[in-house]
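# Summary of the model geometry
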Amino acid sequence: MDNFPLADFLCQRFDLPVELDNDGTLAALAEYHYGSGQNTERLVTVTVGTGLGAGLVVDGHAQRPVRGCIGDPGHIIVEPDSPWRCGLGCQGCLETVASSLAVEREAIALAKQFPDSKLARLSAPGNAVSTAQVIDAAHQGDQLARDVLAEVGRWLGIGLTSWSYFFDPDLILIGGGVSAAGEFLLASIRETIRERALPAYANHIQVGLAQLGNDAGLIGAASLFLYRYPEE
Ligand SMILES: [Zn+2]
């Protein structure tokens, strides 16, 4: 697919307008137009799954300053000497500590340490622990599961604090599979930003949950056309 003119190709095939865009940007647009980011001046959305997707909408306009999107802020390095690498191979980037992979890795580590825990029962030999299971356990009152999510939230808060110096968001919306943790994640994110970000930034940053789930990218893609070709 390198340098293949996909949009032109599809446009000719279907005789319809075609746009290519970044999934993080589209999720941000969707939340701005139809989700929990409406009327926000500076909106950042973060999709926390196996990786970290991100988008920025300012005054209703999606921002694409770097390679057609806002770059790859999920790969900022937060632990330079980390033993962990993300799926793309960076050592110690934010994704290594603030993604579903981190939730699962930390859950398995704690399960080994506390063999009588619920997490240990979930990860009985041969069982992988999924992020959804850890979140379920947290909702059912399991403290270790809550600790895992709070730690991932703390790392997200550290990453988002750094992001805030570039994007200066009024609202940060958290989406993706890990966001099903709700307050177990958000409380820790908010606390970390409050403690660590410079007041000029921290004072106006709200953190909430994205609303449109896995459909955000699709809805954002549709919104490109509704706003660009309103008469069609
Ligand atoms: Zn990375």
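Structural notes, computed from the coordinates.

Thresholds, definitions, all that
- Residues numbered from 1 in each chain as written.
- Predicted model: local features only at pLDDT ≥ 70, side-chain atom pairs only at ≥ 80, totals over all residues.
- Heavy atoms only, no water.
- Helix = DSSP H or I, 4+ residues; strand = E, 2+ residues; numbered from the N terminus.
- Rg over C-alpha atoms; globule rule 2.2 N^0.38 Å.
- Buried < 20%, exposed > 50% of the residue type's maximum accessible area, 1.4 Å probe, protein only.
- Contact = heavy atoms within 4.5 Å.
- Areas by Shrake-Rupley, 256 points an atom, 1.4 Å probe, with all protein chains shown as cover.
- Lys, Arg positive; Asp, Glu negative; His and termini not counted.
- Charge placed at Lys NZ, Arg CZ, Asp CG, Glu CD.
- Pairing = 2+ DSSP bridges.
- Axes fitted to C-alpha atoms, helices over the stretch in contact; angles between N-to-C directions.
- Donors = N, O, S within 2.8 Å, 3.2 Å for Na, K, Ca; no water.
- Tetrahedral: all angles 85-135°; square planar, octahedral: opposite > 155°, others 65-115°.
- Parallel < 35°, antiparallel > 145°, perpendicular 65-115°, else oblique.
- Left-handed = near helix turned anticlockwise from the far one by under 90°.
- Nonpolar A, V, L, I, M, F, W, Y, C, P; charged D, E, K, R; others polar.
- Core = buried A, V, L, I, M, F, W, Y, C linked by side-chain atoms within 4.5 Å.
- Phe/Tyr/Trp six-rings, centres within 6.5 Å; stacked < 30°, edge-to-face > 60°.
- Lys NZ or Arg CZ within 6 Å of the ring centre and 35° of its normal.

## Side note on the overall build of the chain
Across its full length, the chain carries 10 helices and 5 strands. Rg of the C-alpha trace for the chain: 19 Å, near the compact-globule value of 17 Å for 232 residues, within the 12% margin. Buried residues in the chain amount to 45% of all 232 residues. Counting contacts in the chain only where the partners sit at least 6 residues apart, residues at least 24 apart contribute 63% of the total. If you sum the accessible surface of the chain, you get close to 12,300 Å²; carbon and sulfur atoms cover 52% of it. Of the charged side chains in the chain, 15 are positive and 28 negative; the average position of the first set lies 6 Å away from that of the second.

## Focus on the sheet that holds strand 5 (residues 206-209)
Strand pairing within a sheet occurs via backbone hydrogen bonds; the two strands may be parallel or antiparallel. Strand order across the open sheet formed by 5 strands is 3-2-1-4-5, with mixed pairing between neighbours. Each end of this open sheet is capped by a strand with a single partner; those strands are strand 3 (61-62) and strand 5. Two elements, strand 2 (residues 52-58) and strand 3, share 2 bridges in a ladder whose sense is antiparallel. Counterpart to Val58 in the pairing with strand 3 is His61. Each of strand 1 (42-48), strand 2 and strand 4 (171-175) is contacted by helix 7 (residues 143-167), which is oriented at about 145° to strand 1, the strand it contacts most.

## Brief notes about the coordination of the zinc ion
At this site the zinc ion is bound by His75 (ND1), Cys86 (SG), Cys90 (SG) and Cys93 (SG), with donor distances of 2.0 to 2.4 Å. For the zinc ion, the 4 donor atoms are set out with angles of 92 to 123° between them, so the coordination reads as tetrahedral. Mapped onto the sequence, the residues coordinating the zinc ion show the spacing H-x10-C-x3-C-x2-C. Here Cys86 falls in the buried class, since its relative accessible area comes to 10%. Among the residues examined, Cys90 registers a relative accessible area of 22% and is labelled partly exposed.

## Some words on the packing of helix 4 (residues 100-113) against helix 7
In the contact formed by helix 4 and helix 7, the axes pass within 10 Å of each other and the chain directions differ by 140°. The orientation of helix 4 with respect to helix 7, classified from their angle, is oblique. Of the two elements, helix 4 crosses helix 7, and the hand of that crossing is right-handed. Together, Ala102, Val103, Glu106, Ala107 and Leu110 of helix 4 and Leu144, Val148, Leu149 and Val152 of helix 7 make up the contact between the two elements. Residues belonging to the contact of helix 4 with helix 7 are distributed by class as follows: 8 nonpolar, no polar and 1 charged.

## Brief notes about the pairing of strand 4
Of all 5 residues making up strand 4, 5 are buried, and the element is well covered by its neighbours. On strand 4, burial covers both faces: Leu171, Leu173 and Gly175 on one face and Ile172 and Ile174 on the other are all buried. Bridging between strand 1 and strand 4 involves 5 bridges; their strand directions are parallel. Along strand 4, the bridge assignment pairs Val46 with Ile174. As paired elements, strand 4 and strand 5 share 4 bridges and run parallel to each other. Residue pairing across strands places Ile174 opposite Leu209, the latter belonging to strand 5.

## Considerations on the nonpolar core
Formed by 46 residues in total, the largest nonpolar core has its most connected members in Val46, Leu119, Val134, Ile174, Ile189 and Ile193. Here this core gets 11 residues from one element, more than from any other, and that element is helix 7. Beyond its immediate chain neighbours, meaning those up to four positions away, Ile174 contacts Val46, Val48, Leu160, Ser179, Leu185, Leu186, Ile189, Val207, Gly208, Leu209 and Ala210.

## Focus: the packing of aromatic side chains
Inspection of every chain in the model, using the stated rule, returns 4 aromatic pairs. Relative to Tyr201, the ring of Tyr165 lies with its centre 4.9 Å away and its plane at 85°, an arrangement referred to as edge-to-face. With Tyr165 in helix 7 and Tyr201 in helix 9 (residues 199-202), this residue pair connects regions lying 36 residues apart in the sequence. Overall, Tyr165 belongs to the partly exposed group, its relative accessible area being 34%. Taken together, the ring pairs connect Trp163, Phe166 and Phe167 into an aromatic cluster. When the ring centre of Trp84 is taken as reference, the NZ or CZ atom of Arg105 above it lies at 4.2 Å.

Without other data, these values stay purely geometric and don't point to any function.
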